[in-house]
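Report on the structure
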Amino acid sequence: FGVNISQPSASDLSSVSLFPELIKSRVFAERILKKSFFTERFGQKLSLLAILTHGLDPPTVGEDTLMYRAMKSFQGMVEFEVLSSYSLLKCETFEPTFSRDLANEVLFEFEQLNLTYRNRGVLDKREFILKRISAVEDDLENSEETLKRFREQNRQVASPALQLVEERLLRDLEIQKGIYLTLKQQLEMTKIEEVQKTSIIQILDYPQIPLEPSNQKNKIKILLVISIIGLGFGIALSLLREYIEHSNPEDRKKLRRVKNLIIKKLKTMLSDKRVIGIVFIMLIIGLPFFLSHESQEPEFFGLYSKKALVINFFYICTF
């Protein structure tokens with residue numbers, strides 16, 4: 001009736017604010033992992049699922065395991081950051097062209113998924129409006145029939161009581177007409193919205209091939225830190241060696257005695273039966289926990305991944 005009723009704003013799956021969570025979902029990963037990309041590393045077009053997992057070699061595990069591994073790798077390569085006035089999409093791969101192509105496909109899938117969720121909401125809205133129109137149309141016909149019968153039975157409405165009844169019937173009829181017209185208008189707006197195939201995403205800058213690696217600055221920082229640490233360690237080592245070589249014989253004898261004492265104590269502790277017994281008992285207690293471990297991505301014996309197999313191997317050797 002032209003009255004705006006304030007409603008709390010709720011974010012549905014077509015909202016841009018949910019894109020950072022949407023990019024981590026399985027439904028989005030399944031769409032993007034089926035896309036094919038050309039990379040210089042493999043020399044041909046491969047699906048993103050193959051690029052992130054087995055490459056040119058035939059897969060040795062099931063599709064669910066491949067999907068799980070590829071999802072973890074993909075989530076580490078792509079980042080969607082919502083800023084104050086716009087959003088930023090970052091893609092980091094092992095090749096610049098591959099990064100650009102992946103970013104373009106991610107944007108395309110965002111648009112398609114956004115349209116899918118929007119159309120789903122429009123269809124649900126249209127179905128609800130059609131049901132309401134059918135119900136309101138019946139109520140409107142009943143109100144018209146009631147008013148018709150009243151006027152046929154009371155051709156001359158003179159008394160105040162009959163006038164009040166007629167006004168009430170007219171009021172109910174006008175309300176039903178208003179609801180019916182409003183629903184009809186909403187149905188037409190829904191049909192127009194259903195025809196529109198535009199996404200709410202507006203791209204300001206399309207992805208470009210980067211001119212230099214994204215971790216170039218980090219490499220320089222790491223090189224500087226390592227150089228400073230290596231220089232400091234070298235100076236400290238040279239000062240210690242200088243002190244040992246130019247110290248008096250008594251100090252050198254004391255250092256040798258301390259060194260021999262430490263070696264002797266370590267040998268005594270390692271040869272002590274009580275220490276060996278305690279370690280042996282602890283290894284026995286922990287052995288079932290290591291052997292019964294089940295990895296999320298088993299590759300050996302249906303239980304262990306490569307990392308778990310190496311850990312169990314060293315554990316058994318230590319035992």
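Structure shown above.
What you are looking at is a predicted structure, and each value in this text was computed from that prediction instead of being measured.

Helix and strand counts for the chain come out as 10 helices and four strands. If you list the helices and strands of the chain from N to C, you get α-α-β-β-α-α-β-β-α-α-α-α-α-α. In the chain, buried positions account for 24% of the 319 residues. Approximately 23,800 Å² of the chain is accessible, and the part contributed by carbon and sulfur atoms is 59%.

As a packed pair, helix α2 (residues 26–33) and helix α5 (residues 96–153) sit with axes 10 Å apart at the nearest point and diverge in direction by 130 degrees. Taken together, the axes of α2 and α5 are oblique relative to one another. Classified by chirality, the crossing of α5 by α2 is right-handed. Here Val27, Phe28, Arg31 and Ile32 of α2 come into contact with α5, specifically with Leu102, Glu105, Val106, Glu109, Phe110, Gln112, Leu113 and Tyr117. Here the residues of the contact of α2 with α5 are counted per class, giving eight nonpolar, one polar and three charged.

Applying the stated criterion across every chain yields a total of nine salt bridges. Close ionic contact of Arg26 with Glu30 constitutes a salt bridge, the shortest N to O distance being 3.1 Å. Here the residue Arg26 and the residue Glu30 both occupy positions in helix α2, the gap between them amounting to four residues, near one helical turn. Overall, the relative accessible area of 38% leaves Arg26 in the partly exposed class. For Glu30, a relative accessible area of 30% puts it in the partly exposed group. When the shortest N-O distance is used, the salt bridge between Lys35 and Glu109 registers 3.1 Å. Within this pair, whereas Lys35 is found in the loop between α2 and β1 (36–39), its partner Glu109 is found in helix α5, the two being separated by 74 residues in sequence. Among the ionic contacts, a cluster of salt bridges with common partners joins Arg31, Lys35, Glu105 and Glu109.

For the rest of this paragraph, the subject is a nonpolar patch on the surface. A cluster of nonpolar side chains, contributed by Ile278, Phe280, Ile281, Met282, Ile284, Ile285, Phe289, Phe290, Ile311 and Phe319, occupies part of the molecular surface with about 1,000 Å² of accessible area. No other element matches helix α9 (residues 273–291), which puts eight residues into the nonpolar patch. Here Ile284 lies in helix α9. When its relative accessible area of 41% is taken as the criterion, Ile284 is described as partly exposed.

Taken together, the side chains of Glu137, Asp138, Asp139, Glu141, Glu144, Glu145 and Glu152 define an acidic patch exposed on the protein surface. By secondary structure assignment, the location of Asp139 is in helix α5. Owing to a relative accessible area of 37%, Asp139 belongs among the partly exposed residues under this scheme.

All right, on to the packing of α2 against helix α4 (residues 63–77) then. Packing of α2 against α4 leaves a shortest axis separation of 10 Å and a crossing angle of 95 degrees. Overall, the two elements α2 and α4 adopt an arrangement that is roughly perpendicular. Along the contact surface, α2 presents Arg26, Phe28, Ala29, Glu30, Ile32 and Leu33, while α4 presents Asp64, Met67, Ala70, Met71 and Phe74. The class makeup of the residues in the contact of α2 with α4 is eight nonpolar, no polar and three charged.

The subject of this paragraph is the packing of aromatic side chains. Counted under the stated rule, the structure contains eight aromatic pairs. A centroid spacing of 6.3 Å and a plane angle of 35 degrees characterise the contact between Phe28 and Phe74, whose relative ring orientation is tilted. Placement of Phe28 in helix α2 and of Phe74 in helix α4 is noted, with a sequence separation of 46 residues between them. Each member of the pair, Phe28 together with Phe74, is buried. Summarising the aromatic geometry, the rings of Phe94 and Phe98 are spaced 5.4 Å apart at their centres and angled 45 degrees between planes, so their arrangement reads as tilted. One aromatic cluster is present, formed by Phe28, Phe74, Phe80 and Phe110 through successive ring pairs.

Rules and cut-offs
Residues numbered from 1 in each chain as written. Predicted model: local features only at pLDDT ≥ 70, side-chain atom pairs only at ≥ 80, totals over all residues. Heavy atoms only, no water. Helix = DSSP H or I, 4+ residues; strand = E, 2+ residues; numbered from the N terminus. Buried < 20%, exposed > 50% of the residue type's maximum accessible area, 1.4 Å probe, protein only. Areas by Shrake-Rupley, 256 points an atom, 1.4 Å probe, with all protein chains shown as cover. Axes fitted to C-alpha atoms, helices over the stretch in contact; angles between N-to-C directions. Parallel < 35°, antiparallel > 145°, perpendicular 65-115°, else oblique. Left-handed = near helix turned anticlockwise from the far one by under 90°. Contact = heavy atoms within 4.5 Å. Nonpolar A, V, L, I, M, F, W, Y, C, P; charged D, E, K, R; others polar. Salt bridge = Lys/Arg side-chain N within 4 Å of Asp/Glu carboxyl O. Patch = residues over 30% accessible without salt bridge, like charges linked within 9 Å, V, L, I, M, F, W, Y side chains within 5 Å. Lys, Arg positive; Asp, Glu negative; His and termini not counted. Charge placed at Lys NZ, Arg CZ, Asp CG, Glu CD. Phe/Tyr/Trp six-rings, centres within 6.5 Å; stacked < 30°, edge-to-face > 60°.

So yeah, pure geometry; function would need other evidence.
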